[in-house]
Amino acid sequence: MNRTATTVRNTSPWAWILTLYVAEGLPYFAVNVLTVLIYTELNVPLAEMAFYTSALYLPWVIKPFWSPFVDIFSTKRNWVIAMQWIMAAALGAVALFLPAPGFFATTLAAFWIIAFASATHDIAADGYYMLELDPHRQAAYVGVRSTFYRIASLIGQGGIVMLAGKLEQTMAPSDAWSVTFVVLSAFFVIVALYHSRILPRPASDRAAEGKSAAGIAREFVMTFVTFFRKPHILAALAFMLLYRLPEALCLKLVAPFLISARADGGLGLTTLQVGFVNGTVGVIALLAGGILGGLAIARGGLKRWLWPMALSLTLPCAFYCWLAMAQPENFALICTAVGLEQFGYGFGFTAFMLYLIYFSRGESQTSHYAFCTAFMALGMMLPGMAAGWIHDRISSLGIFGGAGPQGYVNFFFLVMICCLATFGVCSIVKIDPEFGKKES
């Protein structure tokens, strides 16, 4: 007993936070980013691709509904390791099914397993972090935690895509992506083995005692009811669902636009180039915009910066309209346009995340914040499911010169029109002028 306690006490958070939060981020990006590229490259129709890959957001939408039950079955540590093994197996299944006939249905089933395991892993990993570290160390390592989740973003949207693109130079796309998912599966096998040995066993990490599933369900219902009784709930829900509407529509079609042939209205980039422009230039610009947004709000408060950030989030969508109309061949110019759009999105997204914190304040803040993030995911899922269908219906109309079976011009102009929804919800939310300002 003493030996175990000593081992726990001497295990530095540096030994597990890094790997834990890379492991938390990678499957999210695999499910929500890589699927779009894979199915587009393997010629899944655009409407089907957008619908089914957007539906994969569902586990993150409904995550608050089963998160309380993670507390009563086993420990957070066991949940973390079990989910990593499940994700390793499901990623391996994707690798196996991709080159086979009927790959769309089989790989989609595997991605559903990854999505539910990843959402559950999020619950367990964040809970484990709070149990293992005291409040002082939680604050000390929160920056490390965020940094390595962002590194997972760079790996997931950049490095992995570029690896697949490099492999595509010598093999078929299905085989290239299959090898890539073998690498991802092997990573999770290694991480699961490593965490089985290295993760400390905090004394407070145990299944909830004296709590039943029925009791937790009753508590959950009461928390749910208090959430919907909060002041200005309708305006808040509208804001959560519609503030990011332009980006939600764009998200599922940007990668297909970048890799589609020029004759079909796209830019004709290779997978390797897409990994660089979206996953490296785009992600770095996104993070820079987010950092600047946080500094701005700390100086002036959320209310003061809401409209500038809403404009920053929406107006750069015009870069995609220009790219679709001009179809430039200069790769540096394409990188610049995408980088500026992502910088604007990162700056504008800061206001959205801070508003979720603002609205969650008060009793049951943690649970209410979970509900807010669920509506955030729903606001991305529903428009994304319709994006491909909308594109197919308006691409042949020739409204803005974007006629053709794969015309993107009309679609991106429609996205610009949807910016009005963002402005509309910004005009109705109520925010304390002092919220977000750094205390002097």
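The structure displayed is predicted, hence computed values, not measured ones.

Here we take up the overall build of the protein. Check the secondary structure of the protein and you find 19 helices and zero strands. Scaling as 2.2 N^0.38, a compact globule of 440 residues should have a C-alpha radius of gyration of about 22 Å, and the protein matches this with 22 Å. The dimensions of the protein, computed from C-alpha atoms along their principal axes, are 70 × 55 × 40 Å. Taking all 440 residues of the protein together, the buried fraction comes to 52%. Considering only intrachain contacts with a sequence separation of at least 6, the fraction spanning at least 24 residues in the protein is 82%.

Phi at N43 is positive, roughly 65°, even though this residue is not glycine. With respect to the secondary-structure elements, N43 resides in the loop between α2 (17-41) and α3 (46-55). Of note in the backbone geometry, H232 takes a positive phi value of approximately 60° without being a glycine. Mapping H232 onto the fold places it in the loop between α10 (213-228) and α11 (233-242).

Moving on, we come to the nonpolar core. Grouped burial of nonpolar side chains is what soluble globular proteins tend to show. In terms of nonpolar packing, the biggest core is built from 101 residues, with W177 and F181 touching the most fellow members. Among residues more than four places away in sequence, those in contact with W177 are L34, L37, I38, E41, L98, I160, V161, A164, E168 and T271. Listed in part, the 32 residues of the second largest apolar core include A296, L356, F371 and C372.

With that settled, the discussion passes to the confidence of the model for the protein. For the protein, the average pLDDT comes to 86, and 91% of its residues sit at 70 or higher. Here residues 1-9 is modelled with pLDDT under 50, and outside its nearest four sequence neighbours on either side it reaches three contacts, counting other chains as well. Counting interchain partners and residues more than four positions distant, the pLDDT-below-50 stretch residues 402-406 has 15 contacts.

Okay, the environment of I417 next. Relative to the elements of secondary structure, I417 occurs in helix α18 (residues 409-417). For I417, a relative accessible area of 48% puts it in the partly exposed group.

The next point concerns the state of the cysteines. Evaluated as defined, the whole model comprises zero disulfides. No disulfide involves C250; its sulfur sits 4.7 Å from the nearest other cysteine sulfur, which is in C317. Taking relative accessible area as the criterion, C317 reaches 1% and is therefore assigned buried.

A word on the pattern of salt bridges. Across all of its chains, the model carries one salt bridge by this definition. Two residues, K63 and D122, come together in a salt bridge whose shortest N-O distance is 3.9 Å. Taken together, the residues K63 in helix α5 (residues 63-70) and D122 in helix α7 (residues 103-132) connect sequence positions 59 residues apart.

Our next topic: the side chain of T75. Relative to the assigned elements, T75 resides in the loop between α5 and α6 (76-97). Among the polar contacts listed, one links the side chain of T75 to the backbone nitrogen of N78, at a separation of 3.1 Å.

A separate point is the side chain of H195. Here H195 shows up in helix α9 (residues 173-198). Of the polar contacts made by the side chain of H195, one reaches the side chain of Q84; its length is 3.1 Å. Residue contacts for H195: discarding those within four places in its chain leaves W16, T19, L20, R77, I81 and Q84.

In this section: helix α19 (residues 419-426). Regarding α19, the residues found buried are C419, T422, F423, V425 and C426. With its buried residues spanning 165° around the axis, α19 presents them on a single face.

Our focus in this paragraph is the packing of aromatic side chains. All chains considered together, the criterion is met by 35 aromatic pairs. Ring centres 5.7 Å apart and planes at 20° place the aromatic pair Y345 and F349 in the stacked group. Of the two residues, Y345 and F349 both sit in helix α16 (residues 331-360), four residues apart, roughly one turn of that helix. Summarising the aromatic geometry, the rings of Y408 and F412 are spaced 6.3 Å apart at their centres and angled 25° between planes, so their arrangement reads as stacked. For K230, the ring lying beneath its charged end belongs to F359, and the centroid distance is 5.5 Å.

So, on to a nonpolar patch on the surface. On the surface, I291, L292, L295 and F343 cluster together into a nonpolar patch covering about 360 Å² of accessible area. Of the residues forming the nonpolar patch, the biggest block, three residues, is contributed by helix α13 (residues 271-300). Structurally, the position occupied by I291 is in helix α13.

On to the packing of helix α17 (residues 365-394) against α18, then. The contact between α17 and α18 brings their axes to 8 Å, and the two run at 120°. By the angle class used here, α17 and α18 are oblique. α18 is crossed by α17, and the crossing has right-handed handedness. Between α17 and α18, the residues in contact are A387, I390, H391 and I394 and N410, F411 and L414, respectively.

Conventions adopted
Residues numbered from 1 in each chain as written. Predicted model: local features only at pLDDT ≥ 70, side-chain atom pairs only at ≥ 80, totals over all residues. Heavy atoms only, no water. Helix = DSSP H or I, 4+ residues; strand = E, 2+ residues; numbered from the N terminus. Rg over C-alpha atoms; globule rule 2.2 N^0.38 Å. Buried < 20%, exposed > 50% of the residue type's maximum accessible area, 1.4 Å probe, protein only. Contact = heavy atoms within 4.5 Å. Core = buried A, V, L, I, M, F, W, Y, C linked by side-chain atoms within 4.5 Å. pLDDT = per-residue confidence, 0-100. Disulfide = S-S within 2.5 Å. Salt bridge = Lys/Arg side-chain N within 4 Å of Asp/Glu carboxyl O. Polar contact = N/O pair within 3.5 Å; in protein donor to acceptor, adjacent residues only side chain to side chain. Arc of directions from axis to C-beta. Phe/Tyr/Trp six-rings, centres within 6.5 Å; stacked < 30°, edge-to-face > 60°. Lys NZ or Arg CZ within 6 Å of the ring centre and 35° of its normal. Patch = residues over 30% accessible without salt bridge, like charges linked within 9 Å, V, L, I, M, F, W, Y side chains within 5 Å. Areas by Shrake-Rupley, 256 points an atom, 1.4 Å probe, with all protein chains shown as cover. Axes fitted to C-alpha atoms, helices over the stretch in contact; angles between N-to-C directions. Parallel < 35°, antiparallel > 145°, perpendicular 65-115°, else oblique. Left-handed = near helix turned anticlockwise from the far one by under 90°.

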